[in-house]
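For reference, the chains in residue letters:
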Amino acid sequence: MTANASTETTIAIEGMSCASCVRRVEKAIASVPGVESASVNFATEKASVRFVDKPELANVLSAITKAGYTPRIETSEFDIEGMTCASCVRRVEKALTDVAGVTSASVNLATERATVTRTTDTDIATLEAAITKAGYTVRHPAVREMSDAPPEDHRDAETKKLTRLTILSVVLTLPVFVIEMGSHMVPGMHMWVMQTIGMDHSWQLQFLLTSLVLFGPGLGFFQKGLPNLARLAPDMNSLVVMGASAAWIYSVVATFAPSLMPANAVHVYYEAAAVIVTLVLLGRTLESRAKGKTSQAIKRLIGLSPKTARVIRDGHVTEIEISAVKVGDVIDIRPGEKIPVDGTLIEGQSYVDESMITGEPVPVEKAKGGKITGGTINKSGAFRFEAEKVGADTMLAQIIRMVETAQGSKLPIQGMVDEITAWFVPAVIAAAVVTFTLWILLGPSPALSYALVNAVAVLIIACPCAMGLATPTSIMVGTGRAAELGVLFRKGEALQALKDVKIVAFDKTGTLTKGRPELTDLIVADGFSRRDILAFASSLEARSEHPIAAAIVAAAKSEGAVSVDVTDFKAEPGFGVSGTVSGQTIIIGADRALARSGISVSAFDEDAKRLALAAKTPLYIAVDGKLAALIAVADPIKDSTPEAIKVLHDLGLKVAMITGDNQKTAEAIASQLGIDTVVAEVLPDGKVAAIDDLRKTFGKLAFTGDGINDAPALSAADIGLAVGTGSDIAIESADVVLMSGDLNGVARAIGISHAVIRNIGQNLFWAFGYNVLLIPIAAGALYPVNGTLLSPMFAAVAMGLSSVFVLSNALRLRSFKL
């Protein structure tokens, strides 16, 4: 059901529990401008909304959400055949958004994929019907499970088909071109043609061969272009059809009914019609080959997963299809083999090449308990591991989904392109009509011939294809190259936003540092013993999951301190831990934790300052309300951190560190690393406020973190970059994921953002500049100045090369390095 056929839409809603909810939802929907009426059925949990005019569904969904309820929304993807230019993109998007229940539709010409957000009551068949009605073909719903073999690449089949058509077209066009153009360019050839086959037979032969070209290899242009003309929605195919048909029809009249034309206008342009089709086919072939290269990163990722796995079944090693692997299976891996799924190593050890996932070239040692990732390659030893994630749940599958999502997204800059291309083809047709009219009225004799040739040149030289491909091809190649370097853009918009970042803020623990602190110092107050303090500390910290707790527990074990049971355990992020150990109340934490309990830490002031200046984090232990000890913990800096910060400075960016450490320790680390700004003693819930303050001071901000407590900050930043070795929650909150812990990935992400946006700018400059400059030349603007006219054949060459240039320029991103 389309929006122009009905103004009523049904929306499924979650969260309603009583009649009051029904009334509240109805009232919220009715308040939206353009809504005529709203009726909510509590039993079916659905709202029927009638609109006065075209539905503004997004506003209704927003009103439902603000009222405290959840409209059920789904996202579907469709692979579409038949789109050739930016006009096609606009047409498909309009067809989809006109369907009742569709909130948004985004079509990517480079990937030939439509992404549709819709209410759950809008079925797939209705969307497919809308695409078909618009004149395009749904190849299949764009769904792929990693357990399946990679689907046959339709681009390869399309390229082969176009190659065959181009070769046939060249064979048929060559005699026409030689006969007609040779007669003008080769001395004596015109007389030879006249004396051998004669002018009439020559024209009839050209008619036959050109007709075979137009309605043989060129039939596809007519099959797509004419229906779109009939719909008053012309596209690139329509321009080719109009141009080639005009030249062919004019020539047919000159050949078989010359008396209908002025005597001085009886000429044939069969070679123009045939060459136009041939050259456009050649351009499409080159374009298809180049498009195939833009998706090579995805192909390589899919190819990383092996087809089979060697599984232990009934005590024997059995080779099975990867799709048959189940969670809990034990998988046997030999040296040199690809690892099929994700899991945990349970027997043996080896070194695994994880470069295709993380971008890091050095193999990683794996021993019992180590995590194994599908798609990586076992280098040396043999081992067995237990499968934990299979099929679409594997890390490789998630990476592919993220890359595909980013490749299919539209950047804000694309909005301007879409606005222009919406009227581009109709404007070109209007320009051709004006050109024809002006040449008829003002041109020299034979005016009709001049008018035809120049109007056809205008139709053929226009290239909306280049404009439609300028942005998505750069995004495809750029995000694919980023994935190869271990940088995943979860949202394509991050590509554009990262370019404008002025400052990069880092969480400290686990991001700038290794996240594995070590106990370096323990200073005990009078009246307490080192062994007792370690016993108290390890007993309490054993209940905590904080990295500092692990360091204290490890140090206590190494000195033989015995842990005992703890009661009343309490952990407070940003303060520390407390509890009762052997009947005594123990507090371990920052100075603010003890100060809150009225315990002074001044006795250790000098020691705390000294430790902080050495980039160590001082913590205090109190026993029954008395200061008992000062402990210092140091978290080693990651090897990649200094270099990453230097590269960011070289890019002209400021670097900040946000940490819960005390000011002295934080400043010591910042001085050691060359960090510009430090925000210290920040509680987990204060990171968002810290980010807001930094943004006000420096401008657009990117935040890099890895922990659960970094998730709000990652969401609050203009761009959130999650270290992939961190928590799933942090990764889900981020715009960009760094698959390894190497912070050089931050610089790579920003560098590739600059490269992609620069590449898009070059493409758009070429695409728009080409059309703005050459359409007037094709119309004959230079004729009054120096007598220059552009042949339709050269126009066809220029049009084809325009798209090829854009694609070739985008492919340069495959060699990006930082």
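By convention here, each chain's residues receive numbers from 1 onward along its written sequence. Only residues with pLDDT of 70 or above have their local features reported here, since the model is predicted, and side-chain atom pairs are shown and tallied only from 80 upward, although totals for entire chains, interfaces and linings are computed over all residues. No hydrogens and no water enter the side-chain calculation; it runs on all heavy atoms of the structure.

Describing helix α3 (residues 86-97)
Under the scheme used here, helices are H or I runs from DSSP no shorter than 4 residues and strands are E runs no shorter than 2 residues, and both carry numbers assigned from the N terminus. The span one expects for a helix is its residue count, reduced by one, times 1.5 Å. With 12 residues, α3 extends 17 Å from end C-alpha to end C-alpha; this agrees with the ideal 16 Å at 1.5 Å per step. Relative accessibility decides the category of a residue: with a 1.4 Å probe and only protein chains considered, values under 20% of the type maximum give buried, values over 50% give exposed, and everything between is partly exposed. Most of α3 is tucked away, with nine of its 12 residues classed as buried.

Observations concerning the nonpolar core
Nonpolar cores were defined as sets of buried Ala, Val, Leu, Ile, Met, Phe, Trp, Tyr and Cys residues, with membership established by side-chain atoms within 4.5 Å. Judged by nonpolar contacts, the single largest core of 139 residues is most densely connected at F489, L498, L648, I719 and V736. No other element matches the 17 residues that helix α28 (residues 744-779) contributes to this core. One finds L522, V581, L619 and A629 within the second-largest nonpolar core, a separate group that totals 22 residues.

Digging into the sheet that holds strand β18 (residues 487-489)
When DSSP finds two or more bridges between a pair of strands, those strands are recorded as paired. Taken together, seven strands build an open sheet; the order of strands is β18-β30-β29-β28-β19-β26-β27 and the sheet is mixed. With one partner strand each, in any of the chains shown, β18 and β27 (677-679) form the two edges of the open sheet. Strand-to-strand twist across the sheet, computed as the mean angle between neighbouring axes with direction ignored, equals 20°. Bridge count for strand β19 (residues 503-507) against strand β26 (residues 654-658) is five bridges, and the pairing is parallel. Counted as the bridge partner of D507 is I658 from β26. We call two residues contacting when some pair of their heavy atoms lies within 4.5 Å. Between the N-to-C directions of two axes lies an angle of 0 to 180 degrees, each axis being a line fitted to C-alpha atoms and, for a helix, fitted only over the stretch in contact. Set on the sheet, helix α25 (residues 687-698) makes contact with β19, β26, β27 and β28 (701-705); between it and β26 the angle comes to about 160°.

Focus: the side chain of S245
Looking at where S245 falls in the secondary structure, it is placed in helix α9 (residues 236-256). Since its relative accessible area comes to 14%, S245 is described here as buried. Beyond its immediate sequence surroundings of up to four residues, S245 is in contact with F222 and V240.

Some remarks on the UniProt feature "transmembrane region" (unreviewed entry) in the protein
UniProt positions are given in the numbering used here, feature names are shortened, and annotations may be inferred rather than shown by experiment. Mapped onto the present numbering, the UniProt feature "transmembrane region" (unreviewed entry) falls on residues 165-185, 205-226, 238-261, 267-286, 420-442, 448-471, 764-783 and 789-811. Helix makes up 86% of residues 205-226 and strand makes up 0%, while its end C-alpha atoms are separated by 26 Å. Between the C-alpha atoms that bound residues 448-471 the distance is 40 Å, and the span itself is 92% helix and 0% strand.

Examining the packing of α9 against helix α15 (residues 447-461)
In contact at an axis separation of 8 Å, α9 and α15 are set at 160° when each is read in the N-to-C sense. Classified by the angle their axes make, α9 and α15 are roughly antiparallel. Between α9 and α15 lies a crossing of left-handed hand. Contact residues: α9 offers M236, L239, V240, M242, G243, A246, A247 and Y250, while α15 offers L448, S449, L452, V456, L459 and I460. Roughly parallel refers to an angle under 35 degrees, roughly antiparallel to one over 145, roughly perpendicular to one between 65 and 115, and oblique to any angle outside these ranges. Handedness of a crossing follows from how the near helix is turned relative to the far one, being left-handed for an anticlockwise turn of less than a right angle and right-handed for a clockwise one.

Here we look at the domain arrangement of the protein
Domain assignment breaks the protein into domain 1 (7-139), domain 2 (152-294), domain 3 (326-389), domain 4 (483-513 + 637-749) and domain 5 (518-634). The centre of domain 1, based on its C-alpha atoms, is set 37 Å off from the matching centre of domain 4. Note: domain ranges come from an automatic or database domain assignment.

Structural notes on the UniProt feature "domain: HMA" (unreviewed entry) in the protein
What UniProt calls "domain: HMA" (unreviewed entry) maps, in this numbering, to residues 7-72 and 74-139. Secondary structure across residues 74-139 divides into 33% helix and 38% strand, with the first and last C-alpha atoms of the span separated by 20 Å.

A short note on the pairing of β19
Counting buried positions over the five residues of β19 gives five, a clear majority of the element. As defined by bridge partners, β19 adjoins β28 across four bridges and the pair is classed as parallel. Bridged to I503 within β28 is L701.

A closer look at a positive patch on the surface
Residues K160, K161, R164 and K224 make up a contiguous surface patch of positive charge. Per-element accounting of the positive patch gives the leading share, three residues, to helix α5 (residues 154-185). Among the structural elements, R164 can be located in helix α5. Residue classification places R164 among the exposed residues on the basis of a relative accessible area of 54%. Nonpolar side chains (Val, Leu, Ile, Met, Phe, Trp, Tyr) within 5 Å and like charges within 9 Å form the patches, drawn only from residues with over 30% relative accessible area and no salt bridge. The accessible surface values rely on the Shrake-Rupley method and a 1.4 Å probe; as for residues, cover is taken only from the protein chains in view. Every case where a carboxyl oxygen of Asp or Glu lies within 4 Å of a side-chain nitrogen of Lys or Arg is listed as a salt bridge. Positive residues here are Lys and Arg, negative ones are Asp and Glu, while His and the chain termini are left out of the count. A charged residue contributes its charge at one atom only: NZ of Lys, CZ of Arg, CG of Asp or CD of Glu.

Notes on the packing of aromatic side chains
Where two aromatic rings form a pair, the distance of their centres and the angle of their planes describe that pair. The criterion for an aromatic pair is that two Phe, Tyr or Trp rings (for Trp, the six-membered ring) have centres within 6.5 Å, with stacked assigned to planes under 30 degrees apart, edge-to-face to planes over 60 apart and tilted to the rest. Using the criterion set out here, one finds 11 aromatic pairs in the structure. These aromatic residues form a ring-pair network of at least three members: F207, F215, F222, W248, F256 and Y270. Here the guanidinium or amino end of R592 rests over the ring plane of F575, the centre of that ring lying 5.8 Å away. Just above the ring of F575 sits the side chain of R596; from NZ or CZ to the centre is 4.3 Å. Whether a charge sits over a ring comes down to the Lys NZ or Arg CZ being within 6 Å of the ring centre and within 35 degrees of the ring normal.

Some details on the side chain of S753
Mapped onto the elements, S753 comes out in helix α28. In contact with S753, other than residues within four places in its own chain, are A494, L495, Q496, L498 and K499.

Some remarks on the pattern of salt bridges
Per the counting criterion, the structure on display carries 22 salt bridges. Between E77 and R113 there is a salt bridge, and its shortest N-O distance comes to 3.6 Å. On the criterion of sequence distance, the pair formed by E77 in strand β5 (residues 73-81) and R113 in strand β7 (residues 113-119) is long-range, its members being 36 residues apart. Residue E77 is classed as partly exposed on the basis of its relative accessible area, which comes to 25%.

A look at the packing of helix α16 (residues 464-484) against helix α30 (residues 792-811)
Packed helices, taken two at a time, are described by the angle between their axes plus the distance between the axes. Interaxial distance between α16 and α30 falls to 9 Å at its minimum, and their mutual angle equals 15°. With respect to α30, the axis of α16 lies roughly parallel. Regarding α16 and α30, the two cross each other, and that crossing is right-handed. Residues C465, A466, L469, A470, T473, S474 and V477 of α16 form the contact with α30, whose own contacting residues are S802, S803, V806, L807, A810 and L811.

What to know about a nonpolar patch on the surface
On the surface, V434, F436, L438, I440, L441 and L442 cluster together to form a nonpolar patch covering roughly 580 Å² of accessible area. Mapped onto the elements of the fold, L442 is located in helix α14 (residues 414-442).

A short note on the environment of E667
Residue placement: E667 occurs in helix α24 (residues 663-673). The class for E667 is partly exposed, based on a relative accessible area of 39%. For the pair E667 and V170, spaced 497 residues apart in the sequence, the C-alpha separation amounts to 72 Å.

Examining a negative patch on the surface
On the surface, D591, D605, E606 and E681 cluster together into a patch of negative charge. Relative to the assigned elements, D605 resides in helix α22 (residues 605-613). Judged by its relative accessible area of 34%, D605 is partly exposed.

Structural notes on the environment of F385
Counting through the fold element by element, F385 comes out in strand β17 (residues 383-389). For F385 and S449, which are 64 residues apart along the polypeptide, the C-alpha to C-alpha distance reads 77 Å.

Overview of the sheet that holds strand β2 (residues 35-41)
Ordered by their spatial adjacency, four strands build an open sheet running β2-β3-β1-β4, and the pairing between neighbours is antiparallel. Two strands bound the open sheet, and with one partner strand each, they are β2 and β4 (70-71). Bridging between strand β1 (residues 8-14) and β4 involves two bridges; their strand directions are antiparallel. Within the sheet, the bridge partner assigned to I13 lies in β4 and is P71. Packing of helix α1 (residues 19-30) onto the sheet brings it into contact with β1, β2 and β3 (46-51), and relative to β2 it is tilted by some 160°.

Description of the environment of G135
Checked against the element boundaries, G135 lands in the loop between α4 (124-133) and β8 (137-141). On the accessibility criterion, G135 (39% relative accessible area) is partly exposed. C-alpha separation for the pair G135 and G225, spaced 90 residues apart in sequence, amounts to 9.7 Å.

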